[in-house]
Amino acid sequence: MTPPVVLARGIAKRFRDGTEALAPIDLAVCDGEFVTLVGPSGCGKTTLLNLIAGLIRPSAGSLGWWGAPRPDADRSRRFAYVFQSPTLMPWADIASNVRLPLDLAGTPRAEADRAVADALALVALDGFARHRPRELSGGMQMRASIARALVTQPALLLMDEPFAALDDFTRQRLDDELIALWRARGFAVVFVTHSVTEAVYLSTRVVVMGARPGRIVDEVAVPAPWPRGDDFRTSTGFAALARRVTKAVAAAASTDAP
Amino acid sequence: MRPDSVGYLRYGAPALVAVVVLGLWEAAVALNDVPPWLVPAPSRIVATLTLDRTLLLDSLGVTLGIALAALAFAVVLGTAIALLFVQSRWLEISLFPYAVLLQVTPIVAIAPLIIIWVQDTRVALVLCATVVAIFPIISNTTLGLRSVDPGLLALFRMNRASRWQELTRLRIPSALPYFFGGLRIASGLALIGAVVAEFVAGTGGAGAGLAYQILLAGIQLNVPRLFAALVLIAAAGVALFGASVLAARLALGRWHESELRAPD
């Protein structure tokens with residue numbers, strides 16, 4: 001059996017100032033899964049994502065990536081991170097921004113340019129390669145950020161509330177675009193959001209988290225088939241799942257340590 | 001207000017102020033019979049500028065040359081020091097107080113020492129002006145090299161960027177707006193430093209700058225020439241400032257908020 005993409009065993013995080021951000025957590029993310037972390041602010045969603053990204057180290061427990069103790073042990077399996085804000089270099093055009101991970105890795109220019117053109121086409125930004133980030137709308141900037149994440153053909157995509165700052169229409173469109181990319185490419189996704197409906201709509205599995213200290217309070221599988229659309233959003237099954245997740249979030253909030 | 005009328009106003013209003021003030025000045029001098037060795041009329045100053053142009057332009061060239069050389073030194077040395085500071089916190093902590101010390105000690109107090117120690121007067125003057133101009137370059141560039149978007153920094157680290165890649169592709173571009181802010185201040189300071197150093201050195205003869213002409217004209221009560229030299233110094237200052245603004249626009253024009261026009 002292939003090892004899971006991410007395997008966390010009893011990982012906890014206590015910050016230097018003594019704050020217990022995350023109580024010991026077990027979590028496994030398998031190939032091709034779309035896992036969403038949902039919960040109120042302060043429940044350690046982003047901390048857990050940063051641990052998975054290897055940006056911070058756990059204070060207890062162990063983390064494995066594809067069975068290895070380091071996220072970059074296997075060069076053929078990469079992960080990419082999409083931030084809350086587009087995080088583009090304002091001085092560089094969209095093509096250079098998207099090419100950045102390849103440039104840093106020393107990929108030959110011609111090969112990189114081909115990959116950039118492909119990635120821009122995936123997010124429908126073909127015509128904007130020479131534009132500066134500020135010449136694009138918020139939604140387009142976020143698509144550029146996703147293109148930069150996809151340009152390295154990652155096996156795992158980590159996304160920290162990527163669409164939180166966008167309006168509802170743009171968010172729903174980007175949700176659908178993301179799902180289409182995920183189904184076409186088959187990478188695993190760990191997606192952080194505080195929107196219950198977005199979590200249920202996108203995921204194969206919703207991980208509900210509670211605060212003080214951050215912990216997993218429930219895991220809800222979403223068995224609905226693909227493609228999902230407005231039919232799914234308005235179905236009773238969707239409502240039942242959303243209710244269950246909402247209840248779990250509320251229950252976690254009411255049992256908060258004082 | 002329409003944008004083009006704002007444009008007219010931007011140049012028209014200050015020009016109108018100049019015309020009114022100079023006109024009143026001219027009239028006041030003529031009506032009250034003020035002697036030129038006390039307050040010369042603007043027309044007299046313009047006449048002096050044309051009459052003494054060889055002398056004054058030579059001196060302007062000397063002063064401007066010193067200021068430009070000092071600015072160039074300040075940029076090269078200041079940027080190098082800032083780059084050194086961001087490579088090591090220890091280095092910055094150990095050396096920054098001395099940069100401040102150099103900045104807060106008035107140049108008139110340091111200049112005599114530099115002029116004694118450095119044989120070549122021209123070099124001594126450039127050194128004095130550099131001391132005055134370098135601080136904003138160091139402090140602004142250091143601040144800029146450190147003011148990096150934390151998200152972009154995380155992205156670079158996640159992609160295993162080398163220190164060199166981090167410096168050239170992230171820190172230096174992020175620092176450019178700060179650097180140009182420092183350059184704008186340094187360009188004025190370089191000229192001030194050059195003039196002050198000339199005053200202290202008091203060098204005359206063939207290599208005399210505008211400060212010496214002012215000194216000499218003051219002693220000789222040649223007030224029209226004093227004014228003419230003053231006008232040239234001010235013009236040189238405006239030109240230096242304008243050049244640094246233009247450089248910032250060329251470098252940042254397409255991406256940085258400070259250089260972008262608000263939509264009409």
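Nothing here was measured: the structure is a model prediction, and the numbers come from that model.

Give me the sheet that holds strand E4 (residues 60-65) of chain A: which residues, what numbers.
One key point about sheets: their strands pair by backbone hydrogen bonds, in either a parallel or an antiparallel sense. Residues and elements named next belong to chain A. The three strands lie next to each other as E2-E1-E4, forming an open sheet whose pairing is antiparallel. Looking at which strands have only one partner, the edges of the open sheet turn out to be strand E2 (20-29) and E4. Strand-to-strand twist of the sheet, defined as the mean angle between neighbouring strand axes without regard to direction, takes the value 15°. Strand contacts of helix H1 (residues 45-52): strand E1 (6-14), E2 and E4, with the helix running at about 55° to E2, the strand carrying the most contacts.

Mind laying out the sheet that holds strand E8 (residues 205-210) of chain A, listing which residues take part and the relevant values?
Residues and elements named next belong to chain A. Across the sheet, six strands lie side by side as E5-E6-E7-E3-E8-E9; this open sheet has mixed pairing. The sheet terminates laterally at strand E5 (79-82) and strand E9 (215-221), the two strands that pair on one side only. Strand-to-strand twist across the sheet, computed as the mean angle between neighbouring axes with direction ignored, equals 15°. Strands in contact with helix H8 (residues 236-254) are strand E3 (34-38), E8 and E9; relative to E9, the strand with the most contacts, it is inclined by about 170°.

Give a detailed account of the packing of aromatic side chains, specifying residues and quantitative values.
Summed over the entire model, instances satisfying the criterion amount to 12 aromatic pairs over all chains. Considering the side-chain rings of Phe96(B) and Phe135(B), the 6.1 Å spacing of their centres and the 45° angle between planes classify their relative orientation as tilted. On the criterion of sequence distance, the pair formed by Phe96(B) in helix H4 (residues 89-104) and Phe135(B) in helix H6 (residues 121-146) is long-range, its members being 39 residues apart. Note on Phe135(B): relative accessible area 17%, which makes it buried. An aromatic cluster is present here, built from Phe34(A), Phe163(A), Trp182(A), Phe191(A) and Trp226(A) joined pairwise through their rings. Across the ring face of Trp226(A), the terminal group of Arg228(A) is positioned such that the distance to the ring centre comes to 3.7 Å. A cation over a ring is seen here: Arg233(A) above Tyr201(A), with NZ or CZ 3.8 Å from the ring centre.

Break down the pattern of salt bridges for me, citing the residues and quoting the values.
Residues and elements named next belong to chain A. Tallying each qualifying case throughout the model produces 17 salt bridges over all chains. Taking the shortest distance from any N to any O, the salt bridge between aspartate 218 and arginine 244 comes out at 3.5 Å. Of the two residues, aspartate 218 is situated in strand E9 and arginine 244 in helix H8; the sequence distance between them amounts to 26 residues. In this structure, aspartate 230 engages arginine 233 in a salt bridge whose closest nitrogen and oxygen atoms are separated by 3.3 Å. One end of the pair, aspartate 230, and the other, arginine 233, are both in helix H7 (residues 230-233), three residues apart, so they sit about a helical turn from each other.

How would you sum up unusual backbone geometry? Please name residues and give values.
A cis amide bond links Arg212(A) to the next residue, Pro213(A), at an omega of -10°. Secondary-structure assignment places Pro213(A) in the loop between E8 and E9. Residue Trp226(A) is joined to Pro227(A) through a cis peptide bond whose omega torsion reads -5°. Within the secondary structure, Pro227(A) is located in the loop between E9 and H7. Phi at Trp66(A) takes a positive value of approximately 50°, unusual for a residue other than glycine. The topology assignment puts Trp66(A) in the loop between E4 and E5. Using a relative accessible area of 9% as the deciding quantity, one classes Trp66(A) as buried. The backbone phi angle of Leu221(B) is positive, close to 55°, even though this residue is not glycine.

So, the domain arrangement of chain A: which residues are in play, and what are the values?
All names here are of chain A. Partitioning chain A into structural domains gives domain 1 (6-78 + 154-254) and domain 2 (89-153). Centre-to-centre separation of domain 1 and domain 2, based on C-alpha positions: 25 Å. Domain 1 puts 15 residues into the contact, and the matching count from domain 2 is 12 residues. Three residues stand out in domain 1 for area buried against domain 2, namely Pro154, Leu181 and Arg185, and they jointly supply 43% of the buried area on that side. At the boundary of domain 1 with domain 2, the tally comes to one salt bridge. A salt bridge links glutamate 177 to arginine 143; the nearest nitrogen and oxygen atoms lie 3.8 Å apart. On the surface where domain 1 and domain 2 come into contact, there are one residue pair in polar contact (both at pLDDT 80 or more). Among the elements of the structure, strand E6 (156-160) and helix H5 (168-185) are those that each provide at least two residues to the side of domain 1 that touches domain 2. Here the side of domain 1 that touches domain 2 takes six residues from H5, the largest share from any one element. A per-class count over the side of domain 1 that touches domain 2 returns 10 nonpolar, one polar and four charged.

Describe the interface of chain B and chain A, listing the residues and the values that go with them.
With 19 residues of chain B at the contact, the number on the chain A side is 22 residues. When chain B packs against chain A, the two sides together hide about 2,000 Å² of surface, and 64% of this comes from carbon and sulfur. For the interface between chain B and chain A, the tally reads one salt bridge. Two residues, Arg169(B) and Asp103(A), come together in a salt bridge whose shortest N-O distance is 3.6 Å. When contributions to the side of chain B that touches chain A are tallied by element, the ones reaching two or more residues are helix H7 (150-158) and helix H8 (163-201) of chain B. Split by residue class, the side of chain B that touches chain A holds 10 nonpolar, four polar and five charged.

Provide a residue-level description of the domain arrangement of chain B, including the pertinent values.
If you check the domain split of chain B, you get domain 1 (1-32) and domain 2 (52-252). Computed over C-alpha atoms, the centres of domain 1 of chain B and domain 2 of chain B are 32 Å apart.

I'd like to hear about the packing of H8(B) against helix H10 (residues 223-252) of chain B, residue by residue, with values.
All names here are of chain B. It is at 10 Å that the axes of H8 and H10 come closest, and there the two elements cross at 165°. Here H8 is positioned roughly antiparallel relative to H10, judged by the angle of their axes. Considering only the axes of H8 and H10, their crossing is right-handed. On H10, the residues that touch Leu176, Pro177, Phe180, Leu183, Arg184, Ser187, Leu191 and Val195 of H8 are Ile233, Ala236, Gly237, Leu240, Phe241, Ser244, Val245, Ala247, Ala248, Ala251 and Leu252. Grouping the amino acids of the contact of H8 with H10 by side-chain chemistry returns 15 nonpolar, three polar and one charged.

Rules behind the numbers
Residues numbered from 1 in each chain as written. Chains lettered and ligands numbered in written order. Predicted model: local features only at pLDDT ≥ 70, side-chain atom pairs only at ≥ 80, totals over all residues. Heavy atoms only, no water. Pairing = 2+ DSSP bridges. Helix = DSSP H or I, 4+ residues; strand = E, 2+ residues; numbered from the N terminus. Axes fitted to C-alpha atoms, helices over the stretch in contact; angles between N-to-C directions. Contact = heavy atoms within 4.5 Å. Phe/Tyr/Trp six-rings, centres within 6.5 Å; stacked < 30°, edge-to-face > 60°. Buried < 20%, exposed > 50% of the residue type's maximum accessible area, 1.4 Å probe, protein only. Lys NZ or Arg CZ within 6 Å of the ring centre and 35° of its normal. Salt bridge = Lys/Arg side-chain N within 4 Å of Asp/Glu carboxyl O. Domains from an automatic or database assignment. Buried area = accessible area lost by both parts, 1.4 Å probe. Polar contact = N/O pair within 3.5 Å; in protein donor to acceptor, adjacent residues only side chain to side chain. Nonpolar A, V, L, I, M, F, W, Y, C, P; charged D, E, K, R; others polar. Parallel < 35°, antiparallel > 145°, perpendicular 65-115°, else oblique. Left-handed = near helix turned anticlockwise from the far one by under 90°.

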